[in-house]
Amino acid sequence: MIVLGLIGRPDVPGCHDGAACLAVDGKVVGALEQERISRRRHAQGEGPEGAARALLDAFGVHPGEIQAIGFAWADAPPDTPVTEAPGIPCGVHVSSALTDTILPTLAPELGTRDITFFDHHLCHAAGAYFLNPYERADILVADGWGGDGSTSLFHVDRGHFRLLERYDKRWSLGMFYGAAAAYAKLGWWGAGKFMGLSSYGRTSDMRFMRFDEGIGDFSLDGRLRGAVTGGLSWDKLGKQWMAAFEENVFPYTKSSANAFDYAPFAADAQLTIEEAGLALAARARRLSGEDTLLLSGGVALNAHMNRRIALESGYARVSGTVAPNDGGTVFGAAMLAEALYGTTPPPLPAEEGQPVFFGPPVTVPAIEEALEAGGLDAVALDRDRLLAEVASSIAQGEVVAWFDGPNEFGPRALGARSLLASPRHRTTLDRLNRVKGREPWRPAALSLTGAGFTALGMEPPVAGLSDYMLNMHLVGREHIEQAPAGVHVDRTTRGQYVPDSASGFGALIAAVGEETGLPAVINTSLNIKGQPMVLTPEQGVELMAESPDIDLMVMPPYVVRRS
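Okay, so let's go over this structure. (Residues numbered from 1 in each chain as written. Predicted model: local features only at pLDDT ≥ 70, side-chain atom pairs only at ≥ 80, totals over all residues. Heavy atoms only, no water.)

### Considering the environment of A339
Step number 1: Looking at the secondary structure, you find A339 in helix α10 (residues 329-341).
Step number 2: Through-space distance from the C-alpha of A339 to that of S95 is 18 Å; in sequence the pair is 244 residues apart.
Step number 3: Beyond its immediate stretch of four places on either side in the chain, A339 contacts T344 and P345. (Helix = DSSP H or I, 4+ residues; strand = E, 2+ residues; numbered from the N terminus. Contact = heavy atoms within 4.5 Å.)

### Looking at the pairing of strand β16 (residues 400-403)
Step number 1: Neither face of β16 is exposed, since V400 and W402 on one face and A401 and F403 on the opposite face are all buried.
Step number 2: Of the strand pairs in this sheet, β16 and strand β17 (residues 417-421) are connected by four bridges, and their pairing is antiparallel. Looking across to β17, one finds that W402 is bridged to S418.
Step number 3: Both β16 and strand β23 (residues 552-555) contribute to a ladder of three bridges, which runs parallel. Paired with W402 across the bridge in β23 is V554. (Buried < 20%, exposed > 50% of the residue type's maximum accessible area, 1.4 Å probe, protein only. Pairing = 2+ DSSP bridges.)

### Description of the side chain of D326
Step number 1: For D326, the location among the structural elements is in the loop between β14 (317-319) and α10.
Step number 2: Although D326 lies buried, it forms no salt bridge, and the closest oppositely charged side chain, R166, sits 12 Å away as judged by the N-O distance.
Step number 3: Within polar-contact distance, the side chain of D326 engages the side chain of H120 at 3.0 Å. (Lys, Arg positive; Asp, Glu negative; His and termini not counted. Salt bridge = Lys/Arg side-chain N within 4 Å of Asp/Glu carboxyl O. Polar contact = N/O pair within 3.5 Å; in protein donor to acceptor, adjacent residues only side chain to side chain.)

### Here's the deal with the nonpolar core
Step number 1: F161, F194, W241, F245 and F331 are the most contacted members of the largest nonpolar core, which totals 107 residues.
Step number 2: In this structure F245 touches F176, A179, A180, Y183, F208 and F265, once residues within four positions along its chain are discounted.
Step number 3: In this structure, F403, L448, V487 and L526 belong to the second largest nonpolar core, which totals 35 residues. (Core = buried A, V, L, I, M, F, W, Y, C linked by side-chain atoms within 4.5 Å.)

### Observations concerning the packing of aromatic side chains
Step number 1: A full pass over the atoms with the stated rule returns 27 aromatic pairs.
Step number 2: Measuring from ring centre to ring centre gives 5.4 Å for F71 and F117, while their planes differ by 55°; the resulting arrangement is tilted. Linking F71 in strand β4 (residues 68-71) with F117 in strand β7 (residues 115-117), this pair joins segments that are 46 residues apart in sequence. The exposure classification of F71 matches that of F117, with both residues buried.
Step number 3: One residue, R285, lies across the ring of Y315, its end atom 5.5 Å from the ring centre.
Step number 4: Across from the ring centre of F403, 3.7 Å away, lies the NZ or CZ of R417, which sits over that ring. (Phe/Tyr/Trp six-rings, centres within 6.5 Å; stacked < 30°, edge-to-face > 60°. Lys NZ or Arg CZ within 6 Å of the ring centre and 35° of its normal.)

Okay, structure coming up:
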């Protein structure tokens, strides 16, 4: 059975993170975010058609071969009847009324015009479940605004899902944290920056929201002045939080432009999220007795929260997914459609490891064409010479653009579209920050092999979290001087565990280890400020031309050195 999973509406200005997933017989073939096609960050107000068509073309599937379409939001017209389905809570809606809207040029070619609309949080949960190797698990989904709730607890057993509890949108952890980032002048999309800022602050006893695991209910800190969590709309709730911060949080003014004025506030907001996450995990375990927990939803991008859940929740296993944000719901939508109309897909085989790369294949002729069109002097090298050249460049403090194979899915650069540098010198990080347009106080993430984790005395990788840069790791105090540019002020790094490999990213990091003694690199996404990650060779060539601080660009088997 050939299935498309989708999210994104071109007729809804507030929608974001549109994406598409292509699955065949219960196995994901490819997935792609719309922003990589349109080149607009978060693809706000866009549908997923560009991504869907790119996937179909890349994998040789004609639109007429599509047998089912799953959509990751219960967005069917109001008069669409609800169909109950075993193991799929919250019901499904099937309609063709929006097919021309969501897929305007593909619709006439499709093998089916029916779109099956699933509960949004269920798609978050299913995306995490079907990209992990566990038959049974609890799933904690927390985001900004997901259908009729903001946080949901699920239990799944052999592909059959059960909704344990759902909490009202007014208690949105995602909205709270996004508004906090906006109050700190970091923007509504600045949650990652805000988390980095929190490490500079000293916490007080203020917890803006609390969750009681015993009764399963949220409450506000009694000292908060002003109306909060009464908003019936996203905009209204956001404004209420902003007003509450202005009333209750230093610096009590809109005039401050110094990020560090907000560091104590950020520390309190971060601890609020961590403690709420821990309490929600405890609630799920209380309700199910399960020993495996999966995390999804945009709040699961908070690596400090994830670390504490992994260490303190009591679950034997805590895992995530390559894209806990809204784009990642397309995996769940596709797998749920397969389960509904075909056969329930099994969990991933444990020996396959955590999946990362879902993008269209990249051919050597396409690379050659882009290099020639850009007028770049490229040199083709065999595998060993290429790795040695790149490792030497990184060891010498140069900035390397690494473009290798199908792109990773999701918001993290995981070794296919990366800007790389050595963590041994802060000056190298300064150059990397110039390429990215990043504030110098922000932390840098490390990608390491298992030997790199050991060499830095780090907490060990957490399967399903560290693979995706979703977990913070403490670095051994006596080892910080080996990687000062990759360790934050609180002695943590958002480390990515990269398995040993004879080729690709793992082989590169091993080569860096042979050159420097530390198999680790600073790894950030291959883009400049305000743009999505690079997708095609042509975009990689353009980025090299626009960024004079990039010394070497690598598109195996080719390397291009700035002359």
